[in-house]
Each structure stands twice: as C-alpha cells, then as structure tokens.
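Summary of structural features
The chain contents come next:
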Amino acid sequence: AELSPISNIQIQMSHQIPFSQIEMTPASSPPSPLRAPPPPEVPPDCPSRHPEYRLAMLLPLLGTPPSYLPYFIASARGSAPLIDWLIFHERQAIPWERPVNVKLIDLGVGGLAELVGIKLGEQLALPLRNATMLLRSLRIIFERTPRSILEYKPAFG
C-alpha cells in the first residue's frame, strides 16, 4: 500500500527520527473544486468608445482632494468606453495622471456656488436681488462646510 506524505511523516516520527532528517515533499493534489479555472483569453467586445451613447457623471470637489482620489481616477479608466467623469473643482492642484474620460473643470474661486446658485435662481425665477443674495449665501456655506455641496447635487442637472 502506498502511503501519503503526511502518513510517511507520522510513521517516521513514531520511529524517533530527528526532525532535521525528515523529508517533506509536497503531495501533488488535484485542483481544488472551489477554485474555478482561469477564463480563456477573449478579445473585448466593447470598442474603445461607444459610437452613439455616452454618460456624464458630475462630481463636485471642494476643499482638499480626498486621499482616495488617485485610486478613483485609476479605476475610472475601466469605464472609458461609456462614461465621462466631469470633476468640477475650485483651483485644486490635482497632479495625478488621468485617463481621457476623466475631465477636470476649474470653476475658479466660488465657481461651484455660482453654478448652483444660477441654476436654482433660474428654476425658481428669482429676481436679481434675491439671486445675488442666494449666490453670496451659497459661497459662504460652501467655504465653511464643503460637504454641504451634496445637498445641492439634484440642482446640477
């Protein structure tokens, strides 16, 4: 009867052979049923850019860029055939290399407040005096609490 390497070790240990003299050879085992075989190499069905349709994802960026931004930019490359990522920022230095579908749009200081305020003023048909007050208030709110831009995401269009 042939013994497996593990039972060989147990037999050898019962004869009190020093551990340094035991040879441990890995047993050749069949592939695990839990691990699927690698998929065959298939060329991508999707072209480098969709011929008709594109999605635009609008992302506001206020304050310092988050630490995960380089990882997001790198992962956005995978959606290049269909999605353009438009990152609106206010004078942010973003030094990372980015794919062609990630576009940085610098709105200048207070630009996001103007963008949101003008859109809201138009939708609400505010008179000029009230629209000016709205723009000033939004600028102050966004400077003090940058996360408050999330409350106005539906106004981006």
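Thresholds applied
- Residues numbered from 1 in each chain as written.
- Predicted model: local features only at pLDDT ≥ 70, side-chain atom pairs only at ≥ 80, totals over all residues.
- Heavy atoms only, no water.
- 1 Å grid on protein atoms, 1.4 Å probe; cavity = no way out; pocket = protein on both sides within 12 Å on 5 of 7 lines; lining within 4 Å.
- Points joined across faces, edges and corners; volume = space filled by probe spheres on them.
- Helix = DSSP H or I, 4+ residues; strand = E, 2+ residues; numbered from the N terminus.
- Nonpolar A, V, L, I, M, F, W, Y, C, P; charged D, E, K, R; others polar.
- Salt bridge = Lys/Arg side-chain N within 4 Å of Asp/Glu carboxyl O.
- Buried < 20%, exposed > 50% of the residue type's maximum accessible area, 1.4 Å probe, protein only.
- Phe/Tyr/Trp six-rings, centres within 6.5 Å; stacked < 30°, edge-to-face > 60°.
- Pairing = 2+ DSSP bridges.
- Axes fitted to C-alpha atoms, helices over the stretch in contact; angles between N-to-C directions.
- Contact = heavy atoms within 4.5 Å.
- pLDDT = per-residue confidence, 0-100.
- Parallel < 35°, antiparallel > 145°, perpendicular 65-115°, else oblique.
- Left-handed = near helix turned anticlockwise from the far one by under 90°.

Focus on the layout of surface pockets
Estimates place the volume of the largest pocket at around 420 Å³. Forming the boundary of the largest pocket are 15 residues, of which Leu59, Pro60, Leu61, Pro66 and Tyr68 lie nearest the centre. Ranked by residues supplied to the lining of the largest pocket, first place goes to strand S1 (residues 55–61) with three residues. A breakdown of the residues in the lining of the largest pocket according to their chemical character gives 12 nonpolar, one polar and two charged.

Comments concerning the pattern of salt bridges
Pairs can form between side chains of opposite charge once their charged atoms are near each other. Applying the stated criterion to the full structure yields three salt bridges. Asp84 is the partner of Arg54 in a salt bridge, and the nearest nitrogen-oxygen pair spans 2.6 Å. With Arg54 in the loop between helix H1 (5–14) and S1 and Asp84 in strand S2 (residues 83–89), the pair connects residues that are 30 residues apart, well separated along the chain. Under the relative-accessibility criterion, Arg54 is labelled partly exposed at 24%. Across the salt bridge formed by Arg91 and Asp106, the nearest N and O atoms sit 3.1 Å from each other.

With respect to the packing of aromatic side chains
Tallied over the full model, the rule gives one aromatic pair. Relative to Trp85, the ring of Phe72 has its centre 5.0 Å away and its plane inclined at 90°; by these criteria the two rings are edge-to-face. Of this pair, Phe72 sits in helix H2 (residues 69–76) while Trp85 sits in strand S2, and the two are 13 residues apart along the sequence.

Thoughts on the sheet that holds S1
Strands in a sheet are paired, the pairing made by backbone hydrogen bonds, and the direction either parallel or antiparallel. Spatial strand order, S1-S2-S3: three strands in an open sheet with parallel pairing. With partners counted over all chains shown, the strands left at the sheet margins are S1 and strand S3 (102–106), one partner each. Geometrically, the sheet is characterised by an average inter-axis angle of 25° between neighbouring strands, direction not taken into account. Sheet strands in contact with H2 are S1, S2 and S3, and its direction is about 155° off that of S2.

Remarks on the confidence of the model for the protein
For any part of a model where pLDDT is low, the fine detail of the predicted coordinates should not be relied upon. On average, the protein scores 76 in pLDDT, and the residues at 70 or more come to 66%. Here H1 stands out as the least confident element of the protein, with mean pLDDT 48; S3 is the most confident, with 90. Taken as a whole, residues 7–14 scores under 50 in pLDDT and shows eight contacts with residues more than four places along the chain or in a different chain.

Considerations on the environment of Ile83
Secondary-structure assignment places Ile83 in strand S2. The buried category is assigned to Ile83, whose relative accessible area is 17%. Measuring from C-alpha to C-alpha, the distance between Ile83 and Asn101 comes to 6.8 Å, with 18 residues separating the pair along the chain. When residues no more than four places from it in sequence are discounted, the contact partners of Ile83 are Arg54, Leu55, Met57 and Asn101.

Points about the packing of helix H3 (residues 111–124) against helix H4 (residues 128–144)
Their axes nearest at 9 Å, the elements H3 and H4 cross at an angle of 140°. Put simply, H3 runs oblique to H4. Both H3 and H4 take part in a crossing whose hand is right-handed. From H3, Leu112, Ala113, Glu114, Val116, Gly117, Ile118, Leu120 and Gly121 reach across to H4, where they touch Leu134, Leu135, Leu138, Arg139 and Phe142. Residue composition of the contact of H3 with H4, grouped by class: nine nonpolar, two polar and two charged.

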